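Chain by chain, the residues:
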Amino acid sequence: MSTRGTGRANGSLPQTKICQFKLVLLGDMAVGKSSLVLRFSVCLDDTTVKFEIWDTAGQERYHSLAPMYYRGAQAAIVVFDITKPETFERAKAWVKELQRQASPNIVIALAGNKADLADKRLVEYEEAQTYAEDTGLLFMETSAKTAMNVNELFLAIAKKMPKTDTQNPTHAARHRGVNLQDPDAQSTRSCCGN
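Residues numbered from 1 in each chain as written. Predicted model: local features only at pLDDT ≥ 70, side-chain atom pairs only at ≥ 80, totals over all residues. Heavy atoms only, no water.

An unreviewed UniProt entry lists the protein under the name Ras-related protein Rab-5B, with Labeo rohita as the source organism. Under the heading Sequence similarities (unreviewed entry), UniProt records this for the protein: "Belongs to the small GTPase superfamily. Rab family." (UniProt positions renumbered as here; feature names shortened; annotations may be inferred.)

Q: Which residues make up unusual backbone geometry, and what values go with them?
A: Despite not being glycine, lysine 114 has its phi angle at roughly 70°, a positive value. Assignment of secondary structure puts lysine 114 in the loop between β5 (107-113) and α4 (125-135). The class for lysine 114 is partly exposed, based on a relative accessible area of 21%. Positive phi outside glycine occurs at alanine 147, with the angle close to 70°. (Helix = DSSP H or I, 4+ residues; strand = E, 2+ residues; numbered from the N terminus. Buried < 20%, exposed > 50% of the residue type's maximum accessible area, 1.4 Å probe, protein only.)

Q: Can you tell me about the pattern of salt bridges, naming the residues and giving the values?
A: With the rule as written, the count across this model stands at 4 salt bridges. Notably, a salt bridge pairs lysine 92 with glutamate 89, separated by 3.4 Å at the nearest N-O pair. Pair noted here: lysine 92 and glutamate 89 are both in helix α3 (residues 85-101), with a separation of 3 residues, about one helical turn. According to the relative accessible area criterion, lysine 92 is partly exposed, its value standing at 21%. Judged by relative accessible area, which is 44%, glutamate 89 ranks as partly exposed. (Salt bridge = Lys/Arg side-chain N within 4 Å of Asp/Glu carboxyl O.)

Q: Describe the pairing of β5, naming the residues involved and giving the relevant values.
A: Side-chain positions along a regular strand alternate between the two faces of the sheet. Counting buried positions along β5 yields 7 of 7 residues, so the element is predominantly enclosed. Burial of β5 is two-sided: the residues Val107, Ala109, Ala111 and Asn113 facing one way and the residues Ile108, Leu110 and Gly112 facing the other way are all buried. Two elements, strand β4 (residues 75-81) and β5, share 7 bridges in a ladder whose sense is parallel. Residue pairing across strands places valine 78 opposite leucine 110, the latter belonging to β5. Here β5 pairs with strand β6 (residues 138-141) via 4 bridges, running parallel. By the bridge assignment for β6, leucine 110 is matched with phenylalanine 139. Handedness of the β-α-β unit built from β5, α4 and β6 comes out right-handed. (Pairing = 2+ DSSP bridges. Right-handed = clockwise from strand over helix to strand, strands pointing away.)

Q: Just give me the short version of the packing of aromatic side chains, but keep the residues and values in it.
A: Inspection of the entire model under this criterion finds 5 aromatic pairs. Judged by centre distance (5.9 Å) and plane angle (85°), the ring pair of phenylalanine 88 and tyrosine 131 falls under edge-to-face. Within this pair, whereas phenylalanine 88 is found in helix α3, its partner tyrosine 131 is found in helix α4, the two being separated by 43 residues in sequence. By relative accessible area, which is 2% here, phenylalanine 88 ends up buried. A relative accessible area of 15% means that tyrosine 131 is categorised as buried. Measuring from centroid to centroid gives 5.3 Å for tyrosine 125 and phenylalanine 139, while their planes differ by 55°, and the two rings are tilted. With tyrosine 125 in helix α4 and phenylalanine 139 in strand β6, this pair connects stretches of sequence that are 14 residues apart. (Phe/Tyr/Trp six-rings, centres within 6.5 Å; stacked < 30°, edge-to-face > 60°.)

Q: Explain helix α5 (residues 150-160) to me, using residue names and the numbers behind them.
A: Those residues of α5 lying buried are Val150, Leu153, Phe154, Ile157 and Ala158. Across the axial projection of α5, the buried residues extend over an arc of 135°, all falling on one side. Opposite the packed face of α5, turned more than 90 degrees from it, sit the exposed residues Lys159 and Lys160. (Arc of directions from axis to C-beta.)

Q: Describe the packing of α3 against α4, and please don't skip the residues or the numbers.
A: Between α3 and α4, whose axes approach to 12 Å, the crossing angle comes to 10°. Between α3 and α4, the angle falls in the class roughly parallel. Facing Phe88, Lys92, Val95 and Gln99 of α3, the residues of α4 in contact are Glu127, Ala128, Tyr131 and Thr135. Partitioning the contact of α3 with α4 into residue classes produces 4 nonpolar, 2 polar and 2 charged. (Axes fitted to C-alpha atoms, helices over the stretch in contact; angles between N-to-C directions. Parallel < 35°, antiparallel > 145°, perpendicular 65-115°, else oblique. Contact = heavy atoms within 4.5 Å. Nonpolar A, V, L, I, M, F, W, Y, C, P; charged D, E, K, R; others polar.)

Right under this line is the structure:
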């Protein structure tokens, strides 16, 4: 974590701001969602951006539960396997669903996972990149196995996130946690400040 500025009047160092966002992982089973990350945080200047990551853990087949899953999410990563074209088509369906039902300000990233298996590629990079550009998504190919572009993907998402809290103006709300076992729990909104 980096801090900037001068010490406070009492001699203590300035505190780093912390922003926390709910991020959902979507995609077919066995595309490598869970392998990408469990919890992740990145530092941007004097702000630490923490992602509270919700993984469907293969429960995508219960499509009717999906809106509860991504309710309140500020970011989403839709993952597909570059060796399985059907997972790319399903990823497109998840993107449409997010654009239709999630927050209009949600940051959506498309991750073409298993880039370490490029010799078995069946989804071309250019095809996925064009789709991402046409639909306003961030796009990177990743490898959970080698960690290729995993940090870069979360950093790109963090740069797109708002650094102020307009959703929960009170101090108590800005520091409220989430019960990951309860799908009806309120998500933690961005919480910047000391």
